[in-house]
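A structural walkthrough
Given next are the chains, with one letter for each unit.
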Amino acid sequence: MRKQPIIIVAPLAAMLAVAGSGFAVLRSKDTGQTTAPANVVSSPAKALSLVIPSPTGSGVITNTSCIRSQNPHEPSSCNVRLVRKDGTDAGWEIENVVFGAWSRDGSSVALEDAEHRVYVARMDEPPATLPGFYMTPSLSPDGTKLVAYELGPEGEIMAGDIESQSIILIDLETGNGDIILTDDVFMPFFIDEDRIGY
């Protein structure tokens, strides 16, 4: 029998304290100041720059270009690439990224694009695209599992059907996913290997 994760409700401040520096950071090119959490947001007068450093210093996701959203209800997005600790480029780029999170061990990164597709990349492998549509993906500390808010079959956020709006836990080694919660919850994250908060 497979062990089910423990679900814990936590405020955003606690999530950021647990997540550490593995979530996206927006840095203003004008002021150098950084803000969190993950969505790429900005004021119209500031230039956009997306920087997502790994918690272990193994690499950094950085933008090649950013597009400011004209809709205040939609996040701005950036085309991003991975630069390793030694300064070498991983050789791939993902377009229109709006959210990103590293595993705590710095081995993997999950990136969500503006169409709610999720990509998972390990340090020395090209990113894999997960089937389906998700928001706010989070990786387990060792990068082997992903938890996310699962959207409807066409990527709709408000499908009106509880079965198409849920928190899913995906084993990245097998590709198997289990719905672990169908309440009105958002932004799940790993507290540790066996506990998930939201």
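Higher on the page you've got the structure.
Please read all numbers here as calculations on a predicted model, not as lab measurements.

Glancing now at the overall build of the protein. If you tally the helices and strands in the protein, you get one helix and 16 strands. For the protein, the accessible area works out to roughly 9,900 Å², and carbon and sulfur atoms hold 53% of it.

Right, let's talk about the environment of Pro 188 for a bit. Mapped onto the fold, Pro 188 is located in the loop between β14 (177-181) and β15 (189-192). Given a relative accessible area of 2%, Pro 188 falls into the buried group. Separated by 19 residues in sequence, Pro 188 and Leu 169 place their C-alpha atoms 9.8 Å apart. The residues touching Pro 188, leaving out its near neighbours within four places in the chain, are Thr 136, Ser 138, Val 147, Ala 148, Tyr 149, Ile 167, Ile 196, Gly 197 and Tyr 198.

Right, let's talk about the state of the cysteines for a bit. Tallied over the entire structure, the rule returns one disulfide. Cys 66 shares a disulfide with Cys 78; S-S distance 2.0 Å. Torsion about the S-S bond of the Cys 66 and Cys 78 cystine: about 100°, corresponding to right-handed handedness. In this pair, Cys 66 sits in strand β5 (residues 59-67) while Cys 78 sits in strand β6 (residues 77-84), placing the two residues twelve residues apart along the sequence. Since its relative accessible area comes to 0%, Cys 78 is described here as buried.

We now examine the nonpolar core. Counting 15 residues, the largest nonpolar core has Ile 61, Val 80, Trp 92, Ile 94, Trp 102 and Leu 111 as the members making the most contacts within it. Contributions of two or more residues to this core are made by β4 (50-53), β6, β7 (89-102), β8 (108-113) and β9 (118-122). Ranked by residues supplied to this core, first place goes to β7 with four residues. In terms of nonpolar packing, the next biggest core, distinct from the first, is built from eleven residues, Val 147, Ile 180, Phe 190 and Ile 196 among them.

Analysis parameters
- Residues numbered from 1 in each chain as written.
- Predicted model: local features only at pLDDT ≥ 70, side-chain atom pairs only at ≥ 80, totals over all residues.
- Heavy atoms only, no water.
- Helix = DSSP H or I, 4+ residues; strand = E, 2+ residues; numbered from the N terminus.
- Areas by Shrake-Rupley, 256 points an atom, 1.4 Å probe, with all protein chains shown as cover.
- Buried < 20%, exposed > 50% of the residue type's maximum accessible area, 1.4 Å probe, protein only.
- Contact = heavy atoms within 4.5 Å.
- Disulfide = S-S within 2.5 Å.
- Core = buried A, V, L, I, M, F, W, Y, C linked by side-chain atoms within 4.5 Å.

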